[in-house]
There are 2 protein chains.
Amino acid sequence: MHTRHTIADNIQQRVNDMSWVIKSKATNIDRLLLEESLFFTGNGYLGVRGNLEESSPSDMPSIRGTYINGFYDDVPISYGEKLHGFPDTQQKQLNMIDAQSIDIIVGVGDQQETLSLWNGTVLDYERSLHMDKGFTERRIHWKSSYGHELRVTFKRLASQAYQSLFLQHIELESLSGPIPVTVQSRVNGHVENHIDQSDPRVGHGHAKRVHIKDVTLTDDYKSVVKVKTYASNLTATARSHINVDAVDHQTTYHVDEHHVTTTIAFTLDGQSTIEKRTYFSDSRQTALSKKEQHALDQLPASYFFRKQAEDMANFWSHADIQIGGDTKLQEGIRFNLYHLFQSAGRDGQSNIAAKGLSGEGYEGHYFWDTEIYMLPFFTMTQPDIAKQLLLYRYSILDAARNRAREMGHSKGALFPWRTISGSECSSFFPAGSAQYHISADIAYSFVQYYLATNDTDFMVRYGGEVLVETARLWLDTGHFASDGSFRIDAVTGPDEYTCIVNNNYYTNAMAKFNLTWAVKAINLMKRKAPEHWHKLQAEQDVTTAEVDDFLLAAENMYLPVDDTLKINPQDDTFLNKGVWDIAETPKEQFPLLLHYHPLTLYRYQVCKQADTVLAHFLLEDEQSEDVMKHSYLYYEQVTTFDSSLSFCVFSMMAARLGDLDKAYNYFIDTVRMDLDNTHGNTKDGLHMANMGGTWLAIVAGFAGMRIKESGLHFRPQLPTQWNGYAFPLHYQGRQLHIELNGTDFVVTMAEGEPVNMSVWDTTYKLSPGQPVQVCLT
Amino acid sequence: MHTRHTIADNIQQRVNDMSWVIKSKATNIDRLLLEESLFFTGNGYLGVRGNLEESSPSDMPSIRGTYINGFYDDVPISYGEKLHGFPDTQQKQLNMIDAQSIDIIVGVGDQQETLSLWNGTVLDYERSLHMDKGFTERRIHWKSSYGHELRVTFKRLASQAYQSLFLQHIELESLSGPIPVTVQSRVNGHVENHIDQSDPRVGHGHAKRVHIKDVTLTDDYKSVVKVKTYASNLTATARSHINVDAVDHQTTYHVDEHHVTTTIAFTLDGQSTIEKRTYFSDSRQTALSKKEQHALDQLPASYFFRKQAEDMANFWSHADIQIGGDTKLQEGIRFNLYHLFQSAGRDGQSNIAAKGLSGEGYEGHYFWDTEIYMLPFFTMTQPDIAKQLLLYRYSILDAARNRAREMGHSKGALFPWRTISGSECSSFFPAGSAQYHISADIAYSFVQYYLATNDTDFMVRYGGEVLVETARLWLDTGHFASDGSFRIDAVTGPDEYTCIVNNNYYTNAMAKFNLTWAVKAINLMKRKAPEHWHKLQAEQDVTTAEVDDFLLAAENMYLPVDDTLKINPQDDTFLNKGVWDIAETPKEQFPLLLHYHPLTLYRYQVCKQADTVLAHFLLEDEQSEDVMKHSYLYYEQVTTFDSSLSFCVFSMMAARLGDLDKAYNYFIDTVRMDLDNTHGNTKDGLHMANMGGTWLAIVAGFAGMRIKESGLHFRPQLPTQWNGYAFPLHYQGRQLHIELNGTDFVVTMAEGEPVNMSVWDTTYKLSPGQPVQVCLT
């Protein structure tokens with residue numbers, strides 16, 4: 001026990017040196033645009049970009065946005081040539097109602113000036129993201145052109161406990177005696193989405209998709225704005241109130257067709273606070289009732305900040321990763337986990353958009369990013385949220401069945417490549433609908449969740465049905481060739497620079513897993529919950545012959561190895577193509593997708609991201625160490641890393657194959673990708689999958705964690721750059737603490753049933769109060 | 001000589017039994033819609049659909065259209081996800097100005113009625129297409145509800161000699177004494193294009209693309225309407241005049257913002273004629289000057305009908321194919337050749353749209369259809385038109401160079417898959433831009449034209465440059481593999497049910513031809529016109545190493561044979577896929593493209609059309625008879641013939657391989673495809689490529705004609721269903737006449753230098769007045 005404590009203390013000491021707060025003093029417009037994403041405020045339901053409360057110049061680039069997770073409109077898709085099965089419409093996550101605006105006007109008459117970064121003199125400015133407490137803050141020390149000097153602190157939070165609530169709290173302090181102040185606060189329903197014609201990763205049409213249903217000042221002086229979508233018939237409502245604690249203030253209200261504006265005039269003498277509470281709700285969700293809102297209104301702002309801090313403390317106690325030896329990395333990791341938590345839907349009706357709730361890139365769509373890159377973090381640290389994310393997939397299973405029919409499959413479910421409400425939103429099918437692997441990815445995640453939680457009830461109620469329906473898709477998509485092998489043609493794997501291929505290794509391997517586990521799930525259901533099995537069998541007409549074919553297809557799945565290169569070919573013809581000269585390609589030509597026609601890319605051995613290598617991470621027991629190693633080295637050479645989904649995979653597999661330097665270097669690329677805007681498009685939102693990848697790169701990479709049918713596995717290693725690392729883990733109802741310090745790997749469990757686990761292929765029994773300590777030298 | 005005359009007489013006798021006139025008595029609305037295409041009137045510049053002069057019920061389905069070849073607007077293309085190199089705009093052939101309308105109102109006061117198929121009593125009705133004379137005609141014997149009985153004959157022609165002129169000529173005969181008649185004629189600039197949201201083969205957006213610039217009645221009572229396109233800034237003008245030869249007629253004019261209406265009242269006593277002349281011109285073309293128009297106005301209508309008959313006689317003397325033994329087929333063949341002639345642009349600025357000038361299907365775009373299916377007819381019968389069609393391709397060579405750059409090629413020219421003015425109009429690249437073979441198809445046609453005409457001047461001025469620039473494309477697209485073979489990846493062959501593949505046999509074989517002939521053309525230029533070669537070399541920076549590589553790539557082109565099946569695989573992985581069960585697919589599911597997502601089709605061995613088999617037709621010396629035969633039988637089984645481009649190819653190759661019954665049956669499918677509307681979409685326009693295919697199926701199919709570097713070849717055969725066939729042929733400045741009667745194959749030449757030719761691989765010398773006669777038994 002002594003040793004363990006030393007490790008913990010050791011790490012703790014360094015952790016104390018590290019900041020839980022991200023700070024920025026930047027006031028240039030490009031950085032401010034970027035920080036709208038970096039400093040966004042969310043709680044899985046609400047997301048509010050880090051826009052400024054105060055007015056800014058009209059030509060300042062800004063994406064002003066407030067989002068509700070899964071609040072969308074259906075918009076038509078136009079095609080030059082529309083073929084059968086191309087979706088007619090797609091969903092688009094909407095910018096909804098803007099309640100952020102609060103202008104502070106200082107002085108009177110011709111000495112009046114609005115506080116902003118562009119007026120008067122900014123004596124000091126700092127923005128902070130308090131990841132430990134769950135709020136953001138901006139401090140301005142400002143002097144007007146007419147000599148009024150004051151300090152203003154803007155704080156804002158999206159409440160974790162009360163998901164409707166967006167709270168803004170402003171502290172003012174006069175530094176030049178009594179100052180006449182006029183506060184002007186707005187709630188604005190006249191909003192649009194951001195569009196960019198030039199970037200395929202951003203929406204480029206249908207900016208305006210809500211119209212205003214109601215703009216009212218209620219009898220109790222609440223500003224209410226209600227909007228309705230053009231086509232999906234969803235409504236969203238903001239109910240807002242602003243208050244100043246100054247004595248003798250005068251409040252006036254103005255309602256026009258778009259806004260409710262509240263104007264409060266008072267004299268700032270010493271300190272005052274302004275507080276604005278906005279409750280958002282929408283027609284899909286049971287929002288806080290007015291009564292509940294009223295009850296909350298009785299509570300002081302401090303209550304919500306305290307509650308938020310408690311909720312965040314609880315989150316971190318299950319999630320925080322501690323790194324010994326690098327403050328910048330520590331900051332980056334926490335930043336990533338924080339935003340994952342802010343973005344994950346937890347109502348079973350929503351999920352995690354590619355950009356979370358931080359921006360409008362990829363139009364708020366949910367991709368495979370969730371299952372393969374983000375879900376492991378939730379499964380292993382917040383299984384309740386993981387469960388809700390999987391329930392969302394279950395909720396769109398019927399839509400996936402419909403999509404399979406549209407795509408010509410008589411049975412089974414094909415999950416959409418990108419969606420909000422369940423139907424396919426991909427209008428470019430070669431790098432969209434053709435990515436059939438998403439169905440296997442979702443199946444894989446149900447299995448991972450089951451293995452990590454042992455939640456049999458969930459598996460028999462939901463997982464089994466998903467596994468069976470996706471397995472059927474593979475049976476219908478593939479075919480048994482004359483040599484008996486089962487082959488899957490005309491799909492696209494994860495690598496979007498190589499589309500519509502035959503026998504993509506990743507897809508085939510994942511389909512094999514899917515088919516195998518469909519049978520296992522059926523057997524589990526038969527054993528544990530035959531009533532669920534009989535119901536599924538009857539409703540979906542599942543035959544014994546079909547189940548036999550699942551196994552036959554899985555056992556005969558075509559997974560070739562190239563004898564010369566000793567690698568898994570990415571697909572049937574990948575290795576026959578010419579090799580793209582990445583080294584000779586000018587830097588400004590990356591990402592290639594923005595500079596080359598897809599056909600040009602398809603013509604070469606060039607990968608946007610990990611594909612076969614990712615399959616090796618997810619299914620390491622399918623291939624020998626040798627094949628995985630050769631594959632890694634081969635594909636690394638032909639991968640551009642244009643996709644943010646790539647670094648973490650290469651990091652994990654480098655660690656898996658023993659190259660810690662590479663693992664470390666790729667990890668570095670994941671951990672501060674958004675903080676340092678290394679992909680140049682963080683303004684459109686954070687790269688959520690990469691954020692999940694950071695967690696994976698440590699837990700599944702350096703610590704080598706795998707969840708398999710055989711249990712919990714570790715292959716811990718320590719990059720030379722670090723002294724150690726530590727993280728909590730949830731495993732089958734147990735709370736574990738994992739630490740590595742130098743050569744000592746220690747796993748502790750506070751309570752729960754003993755459980756076996758393996759460290760570097762040696763099995764250990766872990767019991768409460770009896771840490772397993774393994775010396776790695 | 002005796003024998004030959006017997007054959008000719010023999011055939012002539014049957015020909016005399018056959019009609020040069022297509023007749024129809026149909027008045028049902030579906031058939032009338034169809035006949036708008038079948039009875040269209042064109043001259044290569046103008047195309048006027050066979051709409052009715054008289055008003056029809058407003059709910060009657062009709063596509064009312066008047067087109068100028070290559071008169072287009074640029075319209076934006078929308079994409080759900082737009083990637084690099086996707087075209088921003090496409091061209092769209094426009095419906096322009098409608099001058100067809102002429103109402104004949106019979107009676108006065110409350111006994112007035114407009115002559116139409118839906119009013120009064122139609123006592124007799126017949127429509128005729130006079131293919132020998134070059135005009136269409138509609139005869140109506142009609143009695144009004146108030147007892148006025150008359151015969152009216154509408155005739156119309158688009159003048160071959162005066163391409164601006166559209167002439168309508170109406171003969172009226174009273175059968176019930178003097179009849180008060182009011183003629184109302186309109187020229188209408190308020191027109192739109194037809195759209196159909198549900199059919200990808202028809203335009204589905206941007207119906208209205210012209211606005212009216214001018215509507216005037218001139219001092220000399222000409223109705224002038226001028227329209228301008230929205231974006232391309234082209235203008236088109238119609239200058240029209242209507243006249244009645246009756247005495248005491250009263251004419252009034254009405255001009256509004258959209259129309260000029262001319263109203264003529266007179267008493268029909270006995271016979272009268274009405275004549276409407278409309279001159280169309282557009283801003284791209286030197287139209288007839290007003291002076292020229294005025295001179296033509298002095299000529300009677302009969303002059304134009306006579307001149308048209310002369311021009312058509314001249315056409316037929318070089319083009320007519322005579323079949324002994326089947327009137328329906330004879331009718332079909334002439335119908336097809338007639339419409340080819342009506343549709344082919346002959347100004348070097350325009351080409352032949354997929355639907356010719358008969359309708360709006362495929363938006364008036366020019367495809368590879370011209371080169372591979374239609375050009376052979378013109379090359380071998382009307383080389384002057386063929387030359388103009390090739391000059392059009394030369395005119396867009398710079399656009400093809402630009403397209404190659406957009407597609408990432410540093411050198412060379414990539415011709416657009418579909419275009420009017422030269423830029424790529426395909427918005428679905430897997431079955432569009434990816435069809436790189438069109439560049440080789442164009443190159444192939446320049447070579448065919450050269451071999452057929454011996455027009456060295458054209459080759460050195462234009463052909464050489466096209467061949468070099470397209471050869472460069474192949475060098476840049478393909479690569480030398482480690483085994484030294486030259487491979488071309490990520491292209492789509494002719495078969496649009498199998499997209500984006502590696503080493504499509506057709507593409508590789510055609511590219512080989514292209515590369516080989518680039519070198520031959522260079523050598524020809526060096527020898528015959530070094531100044532052209534030096535100019536090309538200097539302007540395009542053609543290096544010796546590059547030319548060496550053309551040969552190296554050609555010699556090492558990868559053209560595999562599957563050892564087991566003894567066929568050329570369509571591409572690298574085609575044969576590994578599952579085979580689509582065509583027999584088990586319900587009839588109503590064809591064409592498959594309207595009922596299955598492209599991915600589903602890509603997943604199977606299923607072809608929309610001839611692909612490898614077409615390569616074997618075009619390049620028969622690349623493979624052994626055995627491989628061609630096995631390939632034919634194999635691909636025939638997996639081809640749906642959903643494309644109208646398929647039948648003629650299978651017919652020709654069946655003939656080539658000795659299966660005359662199959663050849664005949666496929667021929668039958670080509671010859672009356674539009675007349676019998678077997679594809680169900682002739683309303684949108686005629687299938688021009690198939691029409692060219694009819695000619696090919698006889699000349700290159702049954703007569704087995706090939707033009708090679710080694711000269712003119714025949715492998716004549718006679719289907720058992722026929723007694724014989726005969727056709728004229730142009731070869732290197734000589735006019736040949738080819739006949740097959742029973743077992744005697746006879747080739748005659750009236751004048752010119754003697755020339756060698758081969759019949760069934762035996763060489764014969766053909767001299768003027770000395771027919772070659774070969775007994776085929």
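Source: prediction; values computed, not measured.

Criteria and thresholds
- Residues numbered from 1 in each chain as written.
- Chains lettered and ligands numbered in written order.
- Predicted model: local features only at pLDDT ≥ 70, side-chain atom pairs only at ≥ 80, totals over all residues.
- Heavy atoms only, no water.
- Helix = DSSP H or I, 4+ residues; strand = E, 2+ residues; numbered from the N terminus.
- Buried < 20%, exposed > 50% of the residue type's maximum accessible area, 1.4 Å probe, protein only.
- Contact = heavy atoms within 4.5 Å.
- Areas by Shrake-Rupley, 256 points an atom, 1.4 Å probe, with all protein chains shown as cover.
- Pairing = 2+ DSSP bridges.
- Axes fitted to C-alpha atoms, helices over the stretch in contact; angles between N-to-C directions.
- Salt bridge = Lys/Arg side-chain N within 4 Å of Asp/Glu carboxyl O.
- Phe/Tyr/Trp six-rings, centres within 6.5 Å; stacked < 30°, edge-to-face > 60°.
- Lys NZ or Arg CZ within 6 Å of the ring centre and 35° of its normal.
- Buried area = accessible area lost by both parts, 1.4 Å probe.
- Polar contact = N/O pair within 3.5 Å; in protein donor to acceptor, adjacent residues only side chain to side chain.
- Nonpolar A, V, L, I, M, F, W, Y, C, P; charged D, E, K, R; others polar.
- Least-squares fit on C-alpha atoms with pLDDT ≥ 70 in both.
- Left-handed = near helix turned anticlockwise from the far one by under 90°.
- Parallel < 35°, antiparallel > 145°, perpendicular 65-115°, else oblique.
- pLDDT = per-residue confidence, 0-100.
- Expected span 1.5 Å × (residues − 1).
- Arc of directions from axis to C-beta.

Observations regarding the overall build of chain A
So, step 1. Assigned secondary structure in chain A consists of 19 helices and 32 strands.
So, step 2. Projected onto its principal axes, the C-alpha positions of chain A cover 90 × 65 × 60 Å.
So, step 3. Per-residue burial for chain A yields a buried fraction of 66% across its 777 residues.
So, step 4. Sequence-distant contacts, at least 24 apart, represent 68% of the contacts inside chain A between residues at least 6 apart.
So, step 5. For chain A, the accessible area works out to roughly 26000 Å², and carbon and sulfur atoms hold 46% of it.

Digging into the sheet that holds strand β30 (residues 755-759) of chain B
Residue and element names in this part refer to chain B.
So, step 1. In spatial order, the strands read β25-β26-β30-β31; together these 4 strands make up an open sheet with mixed pairing. With partners counted over all chains shown, the strands left at the sheet margins are β25 (706-708) and β31 (762-766), one partner each. Across the sheet, the mean angle separating the axes of adjacent strands is 30 degrees when strand polarity is ignored.
So, step 2. Summarising the sheet, strand β26 (residues 711-714) and β30 pair through 3 bridges and their orientation is parallel. Looking at β30, one finds that F714 is bridged to V759.

Re the pattern of salt bridges
So, step 1. Scanning the entire structure with this criterion turns up 99 salt bridges over all chains.
So, step 2. One salt bridge connects D483 of chain B with R487 of chain B, and the closest N-O pair in it is separated by 3.6 Å.
So, step 3. Note on D483 of chain B: relative accessible area 53%, which makes it exposed.
So, step 4. Relative accessible area serves as the criterion here: at 10%, R487 of chain B is assigned to the buried category.
So, step 5. Three or more residues joined by partner-sharing salt bridges are found here, namely D398, R401, K411, E465, E469, R472 and E546 of chain A.

Quick look at the packing of aromatic side chains
So, step 1. This structure, assessed with the given rule, holds 94 aromatic pairs over all chains.
So, step 2. Ring centres of F377 of chain A and W695 of chain A lie 5.8 Å apart, and the angle between their planes is 70 degrees; on these two criteria the pair is classed as edge-to-face. Taken together, the residues F377 of chain A in helix α6 (residues 369-381) and W695 of chain A in helix α19 (residues 688-702) connect sequence positions 318 residues apart.
So, step 3. With 5.5 Å between their ring centres and 75 degrees between their planes, Y362 of chain B and F367 of chain B make a pair best called edge-to-face.
So, step 4. Here Y362 of chain B falls in the partly exposed class, since its relative accessible area comes to 23%.
So, step 5. Grouping aromatic residues by their ring pairs yields a cluster made of W20, F315, W316, F341, F377, F378 and W695 of chain A.
So, step 6. Directly above the aromatic system of F341 of chain B lies the positively charged group of R346 of chain B, at a separation of 4.6 Å from the ring centroid.
So, step 7. It is R487 of chain B that lies over the ring of Y558 of chain B; its NZ or CZ is 3.8 Å from the centre.

Examining the interface of chain B and chain A
So, step 1. Counting residues at the interface gives 52 residues for chain B and 52 residues for chain A.
So, step 2. Note on chain B versus chain A: buried area summed over both sides is about 4300 Å², and carbon and sulfur give 58% of it.
So, step 3. Per-residue buried area on chain B facing chain A is highest for E81, H597 and R603 of chain B; these three make up 17% of the total on that side.
So, step 4. A salt bridge links E81 of chain B to R418 of chain A; its shortest N-O distance comes to 3.3 Å.
So, step 5. Between chain B and chain A we count 22 residue pairs in polar contact (both at pLDDT 80 or more) in total.
So, step 6. Listed by contribution, the elements that provide at least two residues to the side of chain B that touches chain A are α8 (397-406), α10 (456-477) and α14 (598-602) of chain B.
So, step 7. For the side of chain B that touches chain A, the element with the most residues is α14 of chain B, which contributes 4 residues.
So, step 8. When its residues are assigned to classes, the side of chain B that touches chain A shows 22 nonpolar, 19 polar and 11 charged.

Regarding unusual backbone geometry
So, step 1. Residue P591 of chain A follows F590 of chain A across a cis peptide bond; omega there is -5 degrees.
So, step 2. With respect to the helices and strands, the residue P591 of chain A is situated in the loop between β23 (578-579) and α14 (598-602).
So, step 3. You will see that K566 of chain B, though not glycine, has its phi angle at about 55 degrees, which is positive.
So, step 4. Structurally, K566 of chain B is set in the loop between α13 (544-555) and β23 (578-579).
So, step 5. Taking the relative accessible area as the measure of exposure, K566 of chain B reaches 40% and is therefore partly exposed.

Notes on the environment of R405 of chain B
All names here are of chain B.
So, step 1. Along the chain, R405 turns up in helix α8.
So, step 2. What makes R405 partly exposed here is its relative accessible area of 37%.
So, step 3. C-alpha separation for the pair R405 and G85, spaced 320 residues apart in sequence, amounts to 9.4 Å.
So, step 4. Residues contacting R405, with those up to four places away along its chain left out, are S410, K411 and G412.

Considerations on the relation of the copies chain B and chain A
So, step 1. Of the transformation placing chain B onto chain A, the axial shift is 0.1 Å and the rotation is 180 degrees, giving an RMSD of 0.1 Å. Interpreted geometrically, this transformation is the action of a two-fold axis.
So, step 2. A shared binding surface is used by both copies, with 100% of the interface residues of chain B retained as interface residues in chain A.

Describing the sheet that holds strand β15 (residues 223-229) of chain A
All names here are of chain A.
So, step 1. Taken in spatial order, the 9 strands make up an open sheet running β1-β9-β10-β11-β12-β19-β16-β15-β14, and their pairing is antiparallel. The sheet terminates laterally at β1 (21-24) and β14 (210-217), the two strands that pair on one side only. For this sheet, the mean angle separating the axes of adjacent strands, direction not counted, is 15 degrees.
So, step 2. In the sheet, β14 pairs with β15 via 7 bridges, with the strands oriented antiparallel. Bridge assignment links T216 to a residue of β15, and that residue is V224.
So, step 3. Across the sheet, helix α2 (residues 29-38) touches β1 and β9 (121-130), and the angle it forms with β9 is around 25 degrees.

A look at the pairing of strand β11 (residues 149-158) of chain A
So, step 1. Taking burial as the measure, the 10 residues of β11 of chain A include 9 buried ones, the bulk of the element.
So, step 2. Two successive antiparallel strands, β11 of chain A and strand β12 (residues 165-174) of chain A, enclose a turn made up of 6 residues.

Remarks on the packing of helix α7 (residues 383-395) of chain B against helix α9 (residues 437-453) of chain B
Residues and elements named next belong to chain B.
So, step 1. Between α7 and α9, whose axes approach to 11 Å, the crossing angle comes to 145 degrees. The interaxial crossing formed by α7 with α9 has left-handed handedness. Here α7 contributes P383, A386, K387, L390, R393 and Y394 to the contact with α9, which in turn contributes I438, I442, S445, F446, Y449 and T453.

Let's talk about the packing of helix α5 (residues 327-343) of chain B against helix α18 (residues 660-671) of chain B
Helices that pack against each other are described as a pair by the angle of their axes relative to one another and the distance between those axes.
All names here are of chain B.
So, step 1. Their axes nearest at 9 Å, the elements α5 and α18 cross at an angle of 55 degrees. With respect to their mutual orientation, α5 and α18 come out oblique. Note that α5 runs across α18; the crossing there is left-handed. Counted together, L329, G332, I333 and N336 of α5 and Y664, F667, I668, T670 and V671 of α18 form the full contact between these two elements.

Topic: the confidence of the model for chain A
Atom-level detail of predicted coordinates should not be read off regions where pLDDT is low.
All names here are of chain A.
So, step 1. Overall, the predicted model of chain A reaches an average pLDDT of 94, with 97% of residues at or above 70.
So, step 2. The low-confidence segment residues 1-15, where pLDDT is below 50, has 24 contacts with residues more than four positions distant or belonging to other chains.
So, step 3. Scored as a complex, the prediction yields pTM 0.93 and ipTM 0.90.

Re helix α16 (residues 625-637) of chain A
All names here are of chain A.
So, step 1. Between its first and last C-alpha, α16 extends 19 Å over 13 residues, near the 18 Å set by a 1.5 Å rise per residue.
So, step 2. Considered for burial, the residues of α16 that qualify are V627, M628, S631, Y632, Y635 and E636. The buried residues of α16 all sit within an arc of 150 degrees when viewed along its axis, so they share a single face.
So, step 3. Along its buried surface, α16 packs onto α15 (612-618), α17 (647-656) and α18 (660-671).

What to know about the environment of N504 of chain B
Residue and element names in this part refer to chain B.
So, step 1. Tracing the sequence through the fold places N504 in the loop between β22 (486-487) and α11 (505-528).
So, step 2. For N504 and R487, which are 17 residues apart along the polypeptide, the C-alpha to C-alpha distance reads 9.4 Å.
So, step 3. Leaving out residues up to four positions away in the same chain, N504 has contacts with V491, G493, P494, Q570, D571 and D611.
So, step 4. A distance of 2.6 Å separates the side chain of N504 from the side chain of T507, its partner in a polar contact.

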